[in-house]
Amino acid sequence: MTLKRRLVYTGLCFVLIVGIGVALVATWGMSGGTNQIRNGRAQAIGLVTGLLVAIGWAALWLPVAAALGKQRRAERARNAKPNRKVG
C-alpha cells in the first residue's frame, strides 16, 4: 500500500467513525432521560468513537512502523563498528 493511499484511508477512517459517533450522539445519546443520563450516553459514545479511531489508525500505521524499524535496525547493524577489546 502506498503512502498516499494509506493517508487517504486514514482520513476516511477518521471521518467515517467520527461521523457515525456524531450521528449516534445526536439520535440515541440525546433521546430521553435526564441531562445526567444523556451526558453519560454521549460520553460513552465518545469514548468508543475515540477507541475505534485509534484501532483503525493502528491497523493502518503499525505495519509501516514495524517495517521502517526493521529497515533502520538492519542499516544500523551494517554500519556498526566491530567490537574491539580494550586492555
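Residues numbered from 1 in each chain as written. Predicted model: local features only at pLDDT ≥ 70, side-chain atom pairs only at ≥ 80, totals over all residues. Heavy atoms only, no water.

### A few points about the environment of Gly21
Looking at where Gly21 falls in the secondary structure, it is placed in helix α1 (residues 3-29). With 47 residues separating them along the chain, Gly21 and Leu68 place their C-alpha atoms 33 Å apart. If we skip the residues at most four places from it in the chain, Gly21 touches Ile45 and Thr49. (Helix = DSSP H or I, 4+ residues; strand = E, 2+ residues; numbered from the N terminus. Contact = heavy atoms within 4.5 Å.)

### Quick word on the side chain of Arg41
Turning to its location among the elements, Arg41 is positioned in helix α2 (residues 35-79). Despite its burial, Arg41 pairs with no opposite charge, the nearest such side chain being Glu75 at 53 Å. Apart from the residues within four sequence positions on either side, Arg41 is in contact with Trp28, Gly29, Ser31 and Gly32. (Buried < 20%, exposed > 50% of the residue type's maximum accessible area, 1.4 Å probe, protein only. Lys, Arg positive; Asp, Glu negative; His and termini not counted. Salt bridge = Lys/Arg side-chain N within 4 Å of Asp/Glu carboxyl O.)

### Quick look at the packing of aromatic side chains
Taken as a whole and assessed by the stated rule, the structure comprises 1 aromatic pair. Taking 5.9 Å as the distance between ring centres and 35 degrees as the angle between the ring planes, the aromatic pair formed by Phe14 and Trp57 counts as tilted. Here Trp57 lies in helix α2 and Phe14 lies in helix α1, a separation of 43 residues in the sequence. In this structure, Arg6 packs its charged tip against the face of Trp61, placed 5.9 Å from the ring centre. The ring of Trp28 carries Arg41 above its face, with NZ or CZ at 5.6 Å from the centroid. (Phe/Tyr/Trp six-rings, centres within 6.5 Å; stacked < 30°, edge-to-face > 60°. Lys NZ or Arg CZ within 6 Å of the ring centre and 35° of its normal.)

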